Amino acid sequence: MDDLQELHAEQLKDQERLEIALNKAEDGDMLTLAEVDLIRFHCGLPNKRRANLVLTAIVDDFSNIFGGKQ
């Protein structure tokens, strides 16, 4: 498959995911964060920054171990 065909296939998959997310929103179902990000992307809006709890915990552990800011 050449690059143009792969791009077209990816666009079709993306369009299908977008349609599913919009149908869920119209039905009043709860959307996942990935679905919200997908809708925001297609509306030309940036994704909302969200705190990553796992990375925050790791950084806190390193700070406690190696004596971060005091």
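Figured I'd write up the structure that's included with this text. (Residues numbered from 1 in each chain as written. Predicted model: local features only at pLDDT ≥ 70, side-chain atom pairs only at ≥ 80, totals over all residues. Heavy atoms only, no water.)

1. Considerations on the environment of Ile 20
Position of Ile 20 among the secondary structure elements: in helix α1 (residues 3-26). Relative accessible area serves as the criterion here: at 43%, Ile 20 is assigned to the partly exposed category. When the C-alpha atoms of Ile 20 and Leu 7 are compared, they prove to be 20 Å apart, with 13 residues separating the residues in sequence. (Helix = DSSP H or I, 4+ residues; strand = E, 2+ residues; numbered from the N terminus. Buried < 20%, exposed > 50% of the residue type's maximum accessible area, 1.4 Å probe, protein only.)

2. Digging into α1
With 24 residues, α1 extends 34 Å between its outermost C-alpha atoms, agreeing within 8% with the 34 Å of an ideal straight helix rising 1.5 Å per residue. Taken residue by residue, α1 has Asp 14, Leu 18 and Ala 21 as its buried positions. Buried residues belonging to α1 abut α2 (33-42). Backbone geometry just downstream of α1 places Gly 28 in the positive-phi region, at approximately 85°. (Expected span 1.5 Å × (residues − 1). Contact = heavy atoms within 4.5 Å.)

3. A short note on the packing of aromatic side chains
If you walk through the whole model with that rule in mind, you get one aromatic pair. Considering the side-chain rings of Phe 62 and Phe 66, the 5.7 Å spacing of their centres and the 20° angle between planes classify their relative orientation as stacked. Pair noted here: Phe 62 and Phe 66 are both in helix α3 (residues 53-66), with a separation of four residues, about one helical turn. Accessibility assignment for this pair places Phe 62 and Phe 66 in one class, exposed. (Phe/Tyr/Trp six-rings, centres within 6.5 Å; stacked < 30°, edge-to-face > 60°.)

4. A closer look at the environment of Ala 21
Position of Ala 21 relative to the elements: it lies in helix α1. Ala 21 sits in the buried class, given a relative accessible area of 0%. A sequence separation of 32 residues divides Ala 21 from Leu 53, and the C-alpha atoms of the two residues are 25 Å apart. Beyond its immediate stretch of four places on either side in the chain, Ala 21 contacts Leu 31, Glu 35 and Ile 39.

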